[in-house]
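The chain contents come next:
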Amino acid sequence: MATTLPPPSKRQRTATAEKARAQQDVDTIPDNLGSIRVQFLDQASGISAGPPVSVPVRDATVKNLELLLNTLQRNDASERIPYRFSYRSDSSDPTRLDNALDVSDDLYHSLLKPGLKTTEDSISLQYTPQAIFRVRAVSRCSSSIPGHGEAILATAFSPSSSSRLVTGSGDSTARIFDCDTGTPIHTLKGHTSWVLVVSWSPDDSTVATGSMDNTVRLWNPKTGESLGAPLKGHSKWTTSLAWEPYHLQTPGRPRLASSSKDSTVRVWDIVSKRIELVLSGHKGSVSCVRWGGTGKIYTCSHDKTVKIWNANDGTLAHTLSSHAHWVNHLALSTDFVLRTAYHDHTGHVPPTQEGKIAKAKERFDKAATISNEIVERLVTASDDFTMYLWEPSKTTKPLARLLGHQKQVNHVTFSADGLFIASSGWDNHVKLWNARDGKFIATLRGHVGPVYMTCFSPDSRLLVSGSKDTTLKVWEIRTAKLKEDLPGHQDEVYAVDWSPDGSKVASGGKDKAVRVWRH
């Protein structure tokens, strides 16, 4: 008797149907459309990559356009750069970004079929280089490291490598772990209450921790020793920490900003342990602070406002007030390069101080340049279920209002290339947005509990999210689909971080164990 195959499962049937639909889409490009003229323009500078090129519509896919552009730029096969293409509807102004349409698959389905262009027209396509290196999705838990006696509230990888991780916990300690061997190295003891925030300095030499005991402490990550007395000044607990960007620091005298429940932000000289500036103007708890690469400090508060301060003298530059409830979190489009300073995927570190500052400045300028201007964008998340996208250097009015969450928005983050925004909320959803114009892209559904935190991979192609439902999930940005489901935690996952070199993800939560995930 012949063995009969079991009927296909629901997942197999769905995959087959999707494959057939995708194949049908590819096959529906008509053969009789001829060619279309394409002009490639660099999104950052607006400079043309060469004369307009005639491309057969049938072959005008993103992959082929990428090959063509690499050929025009005379890149070797070994140096092929992946590109992202978008079309501007306002051709009169090549620097306008707010009406750009991404070309996802091919020119026919993106521009010709919707009627935006015909084969008689010449199309100007903006191109943006994507990360040359590719991060692989983490898929397994390589180590579960016990040690903390209470829930883990914060995690952060070292900016220089994925082998060092610091965590802050409700047991009043922070710990530094070796993620290669899965072992704890140092226990940072000194705080008398929960450690709420942890942060590495951009040059990897110092770890700062902020606690419920109203103090900020500094530690040497190599020895685990406390660097002097705690920084005392706040009258309530610390909510957030931000280091001065490396390219703005006075050599040998880095500064640190701490925000607090006491409605103030204090800027510390970490060498003399003195308060340099007190930014007081908020009328409620300051929930988040960021130090921008253009010399501005950004703060958001439970008084519904966002304030922008000059970092040199502590004067208030702007107040942004559009939210109708507490502002929970804010993120900058340059967060990733400010965090990693002169460390990049090549692992090459300049030998001199001047070289390090120059490289940090060069990386910041490259990440922040849009149309030959240094642009630092800001996104804020609030309990009013909305987010706002701002460009404070040009206007105090928001560029866009990002609507869609059904409950409070808990956390928001920019991708490393500054092109995407991910938001997570109490409605169990993660949402993706276009960071240029604030347009909605997709909802990532899969979590069955509130999502506390998300983090992009360094190449901006993947996103990891941690939730109250005890799981982490890895999402693919291009398809907005679930790439990996990572169960393993025994309880809620409060904190998650993707290492700047892309090789590991670390997570911590209510089950007191640090888990390191890798491919």
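Residues numbered from 1 in each chain as written. Predicted model: local features only at pLDDT ≥ 70, side-chain atom pairs only at ≥ 80, totals over all residues. Heavy atoms only, no water.

The chain goes by Ribosome assembly protein 4 in an unreviewed UniProt entry, where it is assigned to Letharia columbiana. Listed under Sequence similarities (unreviewed entry) in UniProt, the entry text for the chain is "Belongs to the NLE1/RSA4 family." (UniProt positions renumbered as here; feature names shortened; annotations may be inferred.)

Enquirer: Help me understand the sheet that holds strand β15 (residues 255-260), please; the structure alone is not making it clear to me.
Expert: Taking strand neighbours across the sheet as the criterion, the four strands line up as β14-β15-β16-β17 in an open arrangement whose pairing is antiparallel. In this open sheet, the two edge strands, each paired with only one partner strand, are β14 (238-243) and β17 (274-280). For this sheet, the mean angle separating the axes of adjacent strands, direction not counted, is 20°. Summarising the sheet, strand β16 (residues 264-269) and β17 pair through six bridges and their orientation is antiparallel. Note on β17: the bridge partner recorded for D269 is R274. (Pairing = 2+ DSSP bridges. Helix = DSSP H or I, 4+ residues; strand = E, 2+ residues; numbered from the N terminus. Axes fitted to C-alpha atoms, helices over the stretch in contact; angles between N-to-C directions.)

Enquirer: Is there a simple way to think about helix α2 (residues 62-72) in this case?
Expert: At 3.6 residues per turn, the α-helix brings residues three or four places apart onto the same side. Along α2, the residues that are buried comprise V62, L65, E66, L69 and N70. Within α2, the buried residues cover an arc of 135° as seen down the axis, which keeps them to one side. The exposed residues of α2 that point more than 90 degrees off its buried face are K63 and T71. Close packing links the buried residues of α2 with β1 (35-42), β3 (83-88), α3 (107-112) and β5 (122-129). Two residues or fewer after α2 comes R74, characterised by a positive phi angle close to 55°. (Buried < 20%, exposed > 50% of the residue type's maximum accessible area, 1.4 Å probe, protein only. Arc of directions from axis to C-beta. Contact = heavy atoms within 4.5 Å.)

Enquirer: Could you clarify how one ought to interpret the pattern of salt bridges in this entry?
Expert: Pairing is possible between side chains that carry opposite charge, provided their charged atoms lie close to one another. Applying the stated rule across the entire model yields 17 salt bridges. In this structure, the salt-bridge partner of D365 is K361, at a minimum N-O distance of 3.0 Å. Taken together, the residues D365 and K361, both in helix α5 (residues 353-368) and four residues apart, mark about one turn of the helix. We classify D365 as partly exposed; its relative accessible area is 23%. (Salt bridge = Lys/Arg side-chain N within 4 Å of Asp/Glu carboxyl O.)

Enquirer: Is there a simple way to think about α5 in this case?
Expert: The terminal C-alpha atoms of α5, which comprises 16 residues, lie 23 Å apart, in line with the 22 Å expected from a rise of 1.5 Å per residue. Buried positions along α5 lie against α4 (335-340), β23 (369-370) and β24 (373-374). (Expected span 1.5 Å × (residues − 1).)

Enquirer: Please clarify how the packing of aromatic side chains should be interpreted in this entry.
Expert: Aromatic ring pairs are defined here through the distance separating the ring centres and the angle between the ring planes. On inspection of all chains with the given rule, the structure shows eight aromatic pairs. Each ring, one from W426 and one from Y452, has its centre 5.7 Å from the other, and the planes form 75°; the classification is edge-to-face. With W426 in the loop between β29 (420-425) and β30 (430-434) and Y452 in strand β32 (residues 451-456), this pair connects stretches of sequence that are 26 residues apart. Residue classification places W426 among the partly exposed residues on the basis of a relative accessible area of 34%. (Phe/Tyr/Trp six-rings, centres within 6.5 Å; stacked < 30°, edge-to-face > 60°.)

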